[in-house]
Structures are given as C-alpha cells and as structure tokens.
Amino acid sequence: MSTQPDNPPENDLPSCHELQKWFNGQLGHSVLASERSRVSRILPDLFGYHILQVGERADVHLLDSSRINHKIFTAQTKNPAIGKSPGLLCKSEALPVASECIDVVMLSHLLEFADNPHQVLRETERVLIGEGHVIILGFNPWSLWGLWRLLLAWRDRPPWSGHFIGLTRLRDWLTLLDFEIIKTERFYFRPPLENLAIMQRLHFLEQLGGYCWPFFGGVYLLAAKKRVISLTPIKLQWQTRRRMIASGLAEPSARNTSIQNDF
C-alpha cells in the first residue's frame, strides 16, 4: 500500500473546515448518530483486512462497529476539530493506495462536495478487491433536506452548498462500474432544524416516515459489492483443437464406442 500523499488544493480547505463545523453542531451530531446506527447493522457482517473511510468527516467512530482491525482514514487537511488525525492526507479523487487491496470503503457525504464524484467512484472501484464492498452515505435531494437546500443554497455554506445526488443516479453510476447494489435505505425524516427542543418533539416522524413516506428520508445509505466477471478458459479449448489437428485423428466419442461394441 502506497503512503505518498498528494498535496491538497488550498481552495478546498475552507469548505472542508465549514463542513466539519456543521457536523460538530447539534443538527450534525443528530445526523451522525442516525448514520452510525444504520452503519452498525451492516459493517459487522463485512470481513477482510483493510477498511478505508474517505473524506472530511467529524465522525471518526463511524467504523467502530467493523470487525476489521486495520482502519484507515483520509482527509485533505489536518483539522484539530477531529479527535483522531487522518492516516492519509490526500485528494479523494487520487488515493495513494494500491489497486485491489481494500476490503471495504466508506464514502460518507463525500460525493456531494467532490469536484469530480465520478472519479471518486472510479478510485473506489480501483482500490477495492473483487467482491469488496462500498458504503455510501448522502443527502436525499427528494426530501425536506432537498427543499432546504433550494432555499439556502445562496448562502454557499455546507451542507446546503453541496450537490445532492439522488439514489437513482447513484445506482446508475455504480452499475456502469460493475457494482451490484445490495442495500438501500432512507432515513432521518425530520426537517433540518437547528432547534434541539423542536427536533426532539418531532422524533415521532422517524418511525412514522418509515411507514408512510419511506422515499423521502433526508439521508440515505447505499451498500454495493464489486462484481468479479469470470472469463471462459477458451485457451484450453484451443489447445485441444491444435492437438486434434496435429495428430490427424479425432478421439472416438462414447456414442461411437457403443456402436462398435454392438457389432
């Protein structure tokens, strides 16, 4: 595994810090708690040697439920707001990691703020082993959170300055990269309000929304597996054909042998 980091672009650092600041707030912490609960239902069943979390995140405990011992974190800059320093300082579009060596990759609210989300997914596919898994957390544009983004995008502050990506589009991107979608889930049906008292009173919407309007959760989780395409060993067929031509005689089939025995 390579450890040579790329130099992060300076113009991306302010937005990274602002995103960290938002996740450290009351609403951000509430979102992290819900995400950690959903992720903890999946990670214990994914095994391997290396798990990689890519992107600027305040929740370094998102991988705690994983049974994989070697946990790797990446970031574009060192941030004192994070209790644990990243293992790799690099761009998410160019990971300093060898190909096909990571068992699980976590992309948590990264694609919304990436300059090239397609390249992030291509890098994810490159570093994953065959049958490896990727878990993606993102904001759902078809929800109250998407409506808030339309109203507050002019502020140019995370998370509303991000480009929310719908699950349908994300599925299409992953399918083109030969991923198999194994799970999708939408959750966090409360509106994105900063008032803690009001958010606690609206907690009943979490259970009600799952039954009444499950497609409009503000946050989604997607889990996918990298497929391995098996190749037909046609080389062996060529070798058999060459041997047959060289000898000039074809081996008798079982049917021919039975006919000869009858005579």
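Scroll up a little and you will see the structure.
Residues numbered from 1 in each chain as written. Predicted model: local features only at pLDDT ≥ 70, side-chain atom pairs only at ≥ 80, totals over all residues. Heavy atoms only, no water.

In an α-helix, one turn spans 3.6 residues, which is why side chains three or four residues apart end up on the same side. For helix 4 (residues 144-152), every residue scored as buried is listed here: Trp145, Gly146, Arg149 and Leu152. Burial along helix 4 is one-sided: seen end-on, the buried residues are contained in an arc of 135 degrees. Facing away from the buried side of helix 4, by more than 90 degrees, are the exposed residues Leu150 and Leu151. Two to three positions downstream of the cap, the backbone nitrogen of Trp145 sits 3.2 Å from a side-chain oxygen, assigning the N-cap of helix 4 to Ser143. (Buried < 20%, exposed > 50% of the residue type's maximum accessible area, 1.4 Å probe, protein only. Helix = DSSP H or I, 4+ residues; strand = E, 2+ residues; numbered from the N terminus. Arc of directions from axis to C-beta. Polar contact = N/O pair within 3.5 Å; in protein donor to acceptor, adjacent residues only side chain to side chain.)

So, on to helix 3 (residues 117-127). Of the positions making up helix 3, those classed as buried are Pro117, Val120, Leu121, Glu123, Thr124 and Val127. All buried residues of helix 3 fall inside an arc of 160 degrees around its axis, so they share one side. In this structure, the buried residues of helix 3 make contact with strand 4 (102-108), strand 5 (128-139) and helix 5 (167-176). (Contact = heavy atoms within 4.5 Å.)

A few words now on the side chain of Lys226. Inspection of the secondary structure puts Lys226 in strand 7 (residues 219-226). Residue Lys226 is classed as buried on the basis of its relative accessible area of 7%. A distance of 2.8 Å separates a polar atom in the side chain of Lys226 from the backbone oxygen of Glu125. Not counting the four nearest positions on each side in its chain, Lys226 is found in contact with Glu100, Glu125, Arg126, Leu128, Ile129, Gly130, Glu131, Gly132, Asp178 and Phe179.

A few words now on the layout of surface pockets. Of the pockets and cavities examined, the second largest pocket occupies roughly 280 Å³. What lines the second largest pocket is simply Glu18, Lys21, Trp22, Leu27, Trp148, Leu152, Arg155, Arg157, Pro158, Trp160, Pro192 and Glu194. Sorting elements by how many residues they give to the lining of the second largest pocket places helix 1 (residues 13-23) first, with 3 residues. Residues of the lining of the second largest pocket, tallied by class, amount to 7 nonpolar, no polar and 5 charged. (1 Å grid on protein atoms, 1.4 Å probe; cavity = no way out; pocket = protein on both sides within 12 Å on 5 of 7 lines; lining within 4 Å. Points joined across faces, edges and corners; volume = space filled by probe spheres on them. Nonpolar A, V, L, I, M, F, W, Y, C, P; charged D, E, K, R; others polar.)

Any functional reading would require information beyond the geometric quantities listed.
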